[in-house]
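So the chains spell out like this:
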Amino acid sequence: MSRIAGRFRDLRSQGRTALIPYITAGDPQPTVTVPLMHALVEAGADLLELGVPFSDPMADGPTIQAACERALVHHVGLHNVLDMVRSFRDRDNDTPVVLMGYLNPIEVMGYDKFAAAAREAGVDGVLTVDLPPEEGHDLVAALKSRQLDPIFLAAPTSSDQRIQQMSASGSGFLYYVSFKGVTGANRLDVQAVKDKLVQIRASTELPVGVGFGIRDAETAAQVAAFSDAVVVGSALVNRVAALADKPDAIVAQAPQVIAEMRAAMDAMDAKGSVAAAN
Amino acid sequence: MVTQAGRAAEAAALTDLPDAEGHFGPYGGRFVAETLMGPLEELRLAYLKYAKDPEFQAELDNDLAQFVGRPSPLYHAERWSRELGGAQIYLKREDLNHTGAHKINNTVGQAMLARRMGKQRVIAETGAGQHGVASATVAARYGMQCVVYMGAEDIKRQAINVYRMRLLGAEVVSVESGSKTLKDALNEAMRDWVTNVDDTFYIIGTVAGPHPYPAMVRDFQAVIGREARAQILAQAGRLPDALIACVGGGSNAIGLFHPFLNDNSVAMYGVEGGGEGISSGHHAAPLCAGRPGVLHGNRTYLMEDDDGQIIETHSVSAGLDYPGVGPEHAWLKDTGRAQYVAATDDEALQAFHELTRTEGIIPALESSHALAYTRKLAPTMEKDQILIINLSGRGDKDIHTVATLEGIRI
């Protein structure tokens, strides 16, 4: 069983929803990333999503675009991101790490070489924003041959048939993009997401995480009530950005937003299990 | 050795592309966020339906004749041919189209499709502003809302086209991310589309992007090559020996090349922006000096670094200043059906002046790259051989650029 599947199994048995923070590797400078990853785990993260900086992040809003630009000032590439994961594993062998990014850096490295290097570094899953299952056959095969989980994004526009296709190709969990738009936009409609998740669960056995537009503890708890995981990107990256000129403060202060979400989600999960017990 | 029949089979296969998923060999495809997969399929099906619809085609033909001013002439540049001392040079005069370039052939077609799909809002990306103006023009004519994304750097360089778009009623949005040029404008247009996909039609200006755009834009631009083929047969009684066109994204080149793909005797040359020279690294020539990768929804040749980051391009011509190229060109290069070369900024400027003074035609700086290669190729050919050059746009928009380069203030 992969580290990701094991983590979701454990959380499910505890009646808890996973909290998955996203940070862009190397933002605002490379030395911050590994200490920040540890601090996020201490603040209550169950899995980590580590963004691979890309020059043309088409699916991202201004917050994560700027994070990529800050990281690229330091020329943080895929090799460096793998080094960061390897370094993180020195102290944490339990928390699953998912790389999130765009296809081209992986394309340039080569699928097999990337999969081998990612496995060796201690990566658990790979989420490629601009790689739908139709085009993903070769990368999925390379990842699976190294026991890495290919994670697909489902969207409000995805048909049942496409979700079944993602479910068949992907593993670990399915990431549901909560609205039509880019990361960080203020367009979350909790009821619409809840309705769509009912439909998605009919087409997949995978845990379903929800991301895009989770901006505070309240929305995190609302979404936690009916999902298996809550992914938080721009709300956290905004905290990093606000402290970009005080990198020493980032590790101490940025994870607070995650701790607040964790507390609100645990309260919701506890209420849910009481309701279930009654 | 490839047999005649083998070559014919290969050529026939080329005209059958892309496949159902939008692939030209290993290139093309559909590399986008999941949210856009459904809308792209909807677009593909709509395009498939209307491409075969006689009523749609009749309306398109009428618009191309009455609004765009087609057919554009095929002009025998006799004086320039004589001066170069070799092949007879024919210019396909896309510069005479409404709005001054080939771009309008495509925007007329996509706007008609948008109307039939019930989309009331159109968006576009633009570099030099020619596609933005062509999009704003058709939007004005149909009374559609139009938003054009343009890099902040390009807005500074192309103030007149920005004002033209605003006169036509379009909103021009300055893109401040990344390198603030065409590629970033395309990113931003994609972000708008993914957000407003229900009521918005994205008019992509070149033969790149996710399937079906490379095939659809090619089909709308292929009117250039269909006309040129019939015109040269009528005027010279034979097919040309070679075609030459500039390549940024590659829509004017594909438009000229595609109807000749099965004519094995016709050579094809695409001319990229060589900037300060390929060896300088400051250029916009992914086919000559780049390598395959994935950007803007398709796999193709790109200008990128060893980490897979897209790198900045350099060309005197804003319309060629793009780090990718249409996937069909990538495949035509790999199969050897077309050759891709580069012309430097200086070579293009020299050709710009030469055509202006010899034939009384001021070409766009983009098209001047095709003319620059013509100056090299024509003298190596016989006087009874024929070259067709796509004069894809007129140079009015570039007067300030040329004057500034020569230290002249207008």
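Residues numbered from 1 in each chain as written. Chains lettered and ligands numbered in written order. Predicted model: local features only at pLDDT ≥ 70, side-chain atom pairs only at ≥ 80, totals over all residues. Heavy atoms only, no water.

Asks: Just to check I follow, could you spell out the layout of surface pockets for this structure?
Replies: Rolling a probe over the atoms, with the probe sized like a water molecule, indicates the empty space that remains. Space inside the largest pocket adds up to approximately 370 Å³. The wall of the largest pocket is formed by 16 residues, among which Ser 55 and Leu 72 of chain A together with Gln 309, Ile 310 and Ile 311 of chain B lie closest to the centre. It is helix H3 (residues 62–73) of chain A that provides the largest number of residues to the lining of the largest pocket, a total of 3 residues. Looking at the lining of the largest pocket, its residues break down into 5 nonpolar, 6 polar and 5 charged. There are two domains that each give the lining of the largest pocket at least three residues, and those are domain 1 (24–65 + 103–217) and domain 2 (69–101 + 221–405) of chain B. (1 Å grid on protein atoms, 1.4 Å probe; cavity = no way out; pocket = protein on both sides within 12 Å on 5 of 7 lines; lining within 4 Å. Points joined across faces, edges and corners; volume = space filled by probe spheres on them. Helix = DSSP H or I, 4+ residues; strand = E, 2+ residues; numbered from the N terminus. Nonpolar A, V, L, I, M, F, W, Y, C, P; charged D, E, K, R; others polar. Domains from an automatic or database assignment.)

Asks: Would you mind going over the pairing of strand S4 (residues 125–128) of chain A with me for this structure?
Replies: Remember that side chains alternate between the two faces of the sheet whenever the strand is regular. All names here are of chain A. Neither face of S4 is open: one carries Gly 125 and Leu 127, the other Val 126 and Thr 128, and all of them are buried. Direction of pairing for strand S3 (residues 97–101) relative to S4: parallel, over a ladder of 4 bridges. Residue Val 98 lies in a different strand from S4, and its bridge partner there is Gly 125. Following the backbone out of S4, through helix H7 (residues 137–145) and into the adjacent parallel strand S5 (residues 149–151), one traces a crossover that is right-handed. (Buried < 20%, exposed > 50% of the residue type's maximum accessible area, 1.4 Å probe, protein only. Pairing = 2+ DSSP bridges. Right-handed = clockwise from strand over helix to strand, strands pointing away.)

Asks: I'm lost on unusual backbone geometry in this one. Help?
Replies: Trans is the common state for peptide bonds, and a negative phi is the common state for residues other than glycine. Between Asp 27 of chain A and the following residue, Pro 28 of chain A, the backbone shows a cis peptide bond with an omega angle of -5 degrees. The amide bond that connects His 211 of chain B to the next residue, Pro 212 of chain B, takes the cis arrangement and shows omega of 15 degrees. You will see that Gln 147 of chain A, though not glycine, has its phi angle at about 55 degrees, which is positive. Tracing the chain through its elements places Gln 147 of chain A in the loop between H7 and S5. The backbone of Thr 99 of chain B shows a phi angle near 75 degrees, a positive value even though the residue is not glycine. Relative to the assigned elements, Thr 99 of chain B resides in the loop between strand S4 (88–93) and helix H5 (103–116). Residue classification places Thr 99 of chain B among the buried residues on the basis of a relative accessible area of 9%.

Asks: Honestly, the sheet that holds S4 of chain B in this entry has me stumped. Any pointers?
Replies: Strand-to-strand pairing in sheets goes through backbone hydrogen bonds, with the strands running parallel or antiparallel. All names here are of chain B. With respect to topology, 6 strands assemble into an open sheet ordered S3-S4-S14-S9-S10-S13, the strand pairing being mixed. Both outer strands of the open sheet, strand S3 (74–76) and strand S13 (339–343), are each paired with one neighbouring strand and no more. Taking each pair of neighbouring strands and ignoring which way they run, the sheet shows an average axis angle of 25 degrees. In this sheet, strand S14 (residues 386–391) lies alongside strand S9 (residues 242–246) in parallel orientation, the contact comprising 3 bridges. By the bridge assignment, Leu 243 is partnered in S14 with Ile 388. In the packing of helix H15 (residues 345–359) onto the sheet, the strands contacted are S3, S4, S13 and S14, and the crossing angle to S13 comes to about 85 degrees. (Axes fitted to C-alpha atoms, helices over the stretch in contact; angles between N-to-C directions. Contact = heavy atoms within 4.5 Å.)

Asks: Sorry, what's going on with the confidence of the model for chain B here?
Replies: The predicted structure's coordinates, where accompanied by low pLDDT, should not be read in detail. Residue and element names in this part refer to chain B. When the pLDDT values of chain B are averaged, the result is 95; 97% of them are 70 or greater. Mean pLDDT in chain B bottoms out at helix H1 (residues 4–15), which sits at 61, and peaks at S9, which reaches 99. Across the assembled chains, the prediction reports ipTM 0.95 with pTM 0.96. (pLDDT = per-residue confidence, 0-100.)

Asks: I tried to follow the interface of chain A and chain B on my own but got confused; where do I start?
Replies: A common way to express how large an interface is: the accessible area buried when the components associate. The interface of chain A with chain B comprises 40 residues on the first partner and 37 residues on the second. Summed over both sides, the interface between chain A and chain B buries roughly 2,800 Å², with carbon and sulfur atoms accounting for 50% of that surface. Summed over the shared surface of chain A and chain B, the result is 4 salt bridges. In this assembly, chain A and chain B are joined by 23 residue pairs in polar contact (both at pLDDT 80 or more). Only H3, helix H5 (103–109), strand S6 (153–154) and helix H8 (160–169) of chain A provide two or more residues apiece to the side of chain A that touches chain B. Residue contributions to the side of chain A that touches chain B peak at 5 residues, all from H5 of chain A. (Buried area = accessible area lost by both parts, 1.4 Å probe. Salt bridge = Lys/Arg side-chain N within 4 Å of Asp/Glu carboxyl O. Polar contact = N/O pair within 3.5 Å; in protein donor to acceptor, adjacent residues only side chain to side chain.)

Asks: I'm lost on the packing of helix H6 (residues 130–142) of chain B against helix H8 (residues 159–167) of chain B in this one. Help?
Replies: Pairs of packed helices are described in terms of their axes, by the angle between the two and the distance that separates them. Residue and element names in this part refer to chain B. Contact geometry for H6 and H8: axes closest at 9 Å, N-to-C directions at 10 degrees. Taken together, the axes of H6 and H8 lie roughly parallel to each other. Contacts between H6 and H8 involve Gln 130, Gly 132, Val 133 and Ala 136 from the former and Asn 161, Arg 164 and Met 165 from the latter. Looking at the contact of H6 with H8, its residues break down into 3 nonpolar, 3 polar and 1 charged. (Parallel < 35°, antiparallel > 145°, perpendicular 65-115°, else oblique.)

Asks: Quick question: what am I supposed to make of the domain arrangement of chain B here?
Replies: Residues and elements named next belong to chain B. Considered domain by domain, chain B is made up of domain 1 (24–65 + 103–217) and domain 2 (69–101 + 221–405). Of note, the centres of domain 1 and domain 2, computed from C-alpha atoms alone, are 22 Å apart. The interface is formed by 38 residues belonging to domain 1 together with 40 residues belonging to domain 2. Contact between domain 1 and domain 2 buries roughly 3,200 Å² in total, counting both sides, with carbon and sulfur atoms accounting for 60%. Considering only the surface of domain 1 that becomes buried against domain 2, Tyr 27, Phe 31 and Asn 105 emerge as the three largest contributors, covering 21% of it. Joining domain 1 to domain 2, the criterion identifies 1 salt bridge. Ionic pairing is found between Arg 157 and Asp 321, a salt bridge with its closest N-O pair at 3.8 Å. Mapped by element, the contributors of at least two residues to the side of domain 1 that touches domain 2 are strand S2 (27–31), helix H3 (54–68), H5, H6, H8, helix H9 (182–195) and helix H10 (213–221).

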